[in-house]
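Summary of the model geometry
Read off the chains here:
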Amino acid sequence: MKKLLTLALVLALLASASSAFALTIGFSQIGQESDWRTANTDDIRTKIPLEGWELIYDDAQQKQENQIKALRSFISQGVDYILFTGVVTTGWDEVLKEVNEAEIPLFLLDRIPEPSTLEKIEYVAAYGGDFIEEGRRMAWWTVNYLEKLGRSEEEVNVVILEGTTGSDAATQRTQGIEEVLAKFPNVKIAAKQSGNFSRAEAQPVMESWLKSLDKIDVVLAENDDMGLGAIDVIKAAGKVPGKDIIIVGCDSPKAAFDAIIAGEMNATIECNPLYADAIIPMIKALEAGETFSREIVHPEEGAFDAEGGVPYTEDGSKLTVKAADAIDERKY
Ligand code: GYE
């Protein structure tokens, strides 16, 4: 009898211990628009369940109304945490206040709502790229590469394939690019237009520019998928991408490394999508009673090109790594 009681006690303790960490996490993801997004999604969807936690994933197909529905569904399901990446920066006040009223800890990941929303809501942590700096790095690499080619005095025309309209990733990368290029009067922004972070949607934009603009020297693509879309169109127009037109991207997925090694893309500025290894310890720390600041935590990033050694920051302290030397250790 005594043994049975002991066994029952042990089983009860095990059950309570496992339920203590049997968390349910709601993840409101934008969609599947790019290699970056896929890598970001797969990393979280693979690693969260390995902790014994349940992940409820929602793909909003890049529609804000679907994300609002998903957040409300997480509230009604009573999840323990919400991971949220908003497709655009505005329109979240009401639903994020509902998340707060439900007292569900909220992680802001990747895309961060506008400051006027942040002032009104509570969140446990914010994690994502420094998009203004990534835009600066795209531009610094470009002007340093033009100097390396002996073209620093030439009148150079740049076109910018922007990301999703209204997203901080697009708005802030454009801000960083324009801030740096303004220091170089010979480098002109001839056009900028959204390709919605999509290879397919970037193609008609690039086609129209090839027809309407007399001279395009550089394409600054706010993600590599749009850069690859531009390459598709440049080749179809009988021009040589990477030579006739310099192509600079952002994100650094493997497809960008392949294009650089093939000589069709010139550089990519890294924006690491693998968030799970940062988020999981944060959740465990919160479960243990710790708290985090409201500051956005940015992962360290690099930059890659065909030859390496090109500075991509204002102080010239950071130099690109040769894509062919780095591709084997890439994880996305
Ligand atoms: O650059 C792009 C994705 O928010 C950093 O969104 C992310 C951006 C990334 O669609 O590929």
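Parameters at a glance
- Residues numbered from 1 in each chain as written.
- Predicted model: local features only at pLDDT ≥ 70, side-chain atom pairs only at ≥ 80, totals over all residues.
- Heavy atoms only, no water.
- Helix = DSSP H or I, 4+ residues; strand = E, 2+ residues; numbered from the N terminus.
- Buried < 20%, exposed > 50% of the residue type's maximum accessible area, 1.4 Å probe, protein only.
- Contact = heavy atoms within 4.5 Å.
- Polar contact = N/O pair within 3.5 Å; in protein donor to acceptor, adjacent residues only side chain to side chain.
- Domains from an automatic or database assignment.
- Buried area = accessible area lost by both parts, 1.4 Å probe.
- Salt bridge = Lys/Arg side-chain N within 4 Å of Asp/Glu carboxyl O.
- Axes fitted to C-alpha atoms, helices over the stretch in contact; angles between N-to-C directions.
- Parallel < 35°, antiparallel > 145°, perpendicular 65-115°, else oblique.
- Left-handed = near helix turned anticlockwise from the far one by under 90°.
- Nonpolar A, V, L, I, M, F, W, Y, C, P; charged D, E, K, R; others polar.
- Pairing = 2+ DSSP bridges.
- Near = heavy atom within 4 Å.
- Areas by Shrake-Rupley, 256 points an atom, 1.4 Å probe, with all protein chains shown as cover.

1. Remarks on the environment of Asp168
You can see Asp168 is positioned in helix H7 (residues 168-181). You can call Asp168 buried: its relative accessible area is 5%. Separated by 41 residues in the primary sequence, Asp168 and Trp209 have C-alpha atoms spaced 25 Å apart. If sequence neighbours within four positions are ignored, Asp168 has contacts with Thr89, Asp110, Arg111, Ile112, Phe131 and Arg173. Within the local environment of Asp168, its side chain forms a polar contact with the backbone nitrogen of Ile112, the two atoms lying 2.8 Å apart.

2. Focus on the domain arrangement of the protein chain
Domain assignment breaks the protein chain into domain 1 (2-123 + 274-297) and domain 2 (131-270 + 302-329). On the domain 2 side, the residues contacting the eleven residues of domain 1 number 15 residues. Across the interface of domain 1 and domain 2, roughly 950 Å² is buried in total on both sides, 49% from carbon and sulfur atoms. Ranking the residues of domain 1 by area buried against domain 2 places Asp35, Trp36 and Arg111 at the top, with a combined share of 42%. The tally of links between domain 1 and domain 2 comes to zero salt bridges.

3. Notes on the packing of helix H2 (residues 35-50) against helix H11 (residues 276-287)
Orientation of H2 relative to H11, taken along the N-to-C sense of each, is 40°, at an axis distance of 9 Å. With respect to H11, the element H2 is oriented oblique. In this structure, H2 crosses over H11, and the sense of that crossing is right-handed. Between H2 and H11, the residues in contact are Asp43, Ile44, Lys47 and Ile48 and Ala276, Asp277, Ile280 and Ile283, respectively. Residue classes in the contact of H2 with H11 are distributed as five nonpolar, no polar and three charged.

4. Looking at the pairing of strand E9 (residues 246-251)
Summarising burial for E9: six of the six residues are buried, a large majority. Neither face of E9 is exposed, since Ile246, Val248 and Cys250 on one face and Ile247, Gly249 and Asp251 on the opposite face are all buried. Pairing analysis gives three bridges linking strand E8 (residues 218-221) to E9, with the strands arranged parallel. Residue pairing in the sheet places Leu220 in a bridge with Val248 of E9.

5. Some words on the site of the ligand
Contacts to the ligand come from 13 residues, most closely from Glu33, Asp110, Arg111, Arg173 and Asp251. Ser34 places a side-chain nitrogen or oxygen 2.9 Å from an oxygen atom of the ligand. Between the ligand and the protein, one listed contact pairs an oxygen atom with a side-chain N or O atom of Asn223 at 3.0 Å. Relative to its unbound accessible area of 300 Å², the ligand is 100% covered by the protein chains. Mapped onto the shell around the ligand, the elements with two or more residues apiece are H2 and H7. Partitioned by chemical class, the residues of the shell around the ligand number five nonpolar, two polar and six charged. Mapping the shell around the ligand onto the domain boundaries places at least three of its residues in each of domain 1 (2-123 + 274-297) and domain 2 (131-270 + 302-329).

6. Here's the deal with the packing of helix H6 (residues 131-148) against H7
Viewed as axis vectors pointing N to C, H6 and H7 meet at an angle of 40°, and their least axial separation amounts to 6 Å. When the axis of H6 is compared with that of H7, the two are oblique. Of the two elements, H6 crosses H7, and the hand of that crossing is right-handed. Contacts between H6 and H7 pair Phe131, Ile132, Glu134, Gly135, Arg136, Met138, Ala139, Trp140 and Val143 from the former with Asp168, Ala169, Gln172, Arg173, Gln175, Gly176, Ile177, Glu179, Val180 and Leu181 from the latter. Across the contact of H6 with H7, the residue classes tally to ten nonpolar, four polar and five charged.

7. Observations regarding the sheet that holds strand E5 (residues 125-127)
With parallel pairing, the six strands of this open sheet are ordered in space as E2-E1-E3-E4-E5-E11. Each of the sheet's edge strands pairs with one partner strand only, and the pair in question is strand E2 (54-59) and strand E11 (296-297). Where strand E1 (residues 24-29) and E2 come together, six bridges link them in parallel fashion. Residue Ser28 lies in a different strand from E2, and its bridge partner there is Asp58. Running at roughly 175° to E1, helix H3 (residues 64-77) makes contact with E1, E2 and strand E3 (81-84) of the sheet. Each of E1, E3, strand E4 (106-109), E5 and E11 is contacted by H11, which is oriented at about 160° to E4, the strand it contacts most.

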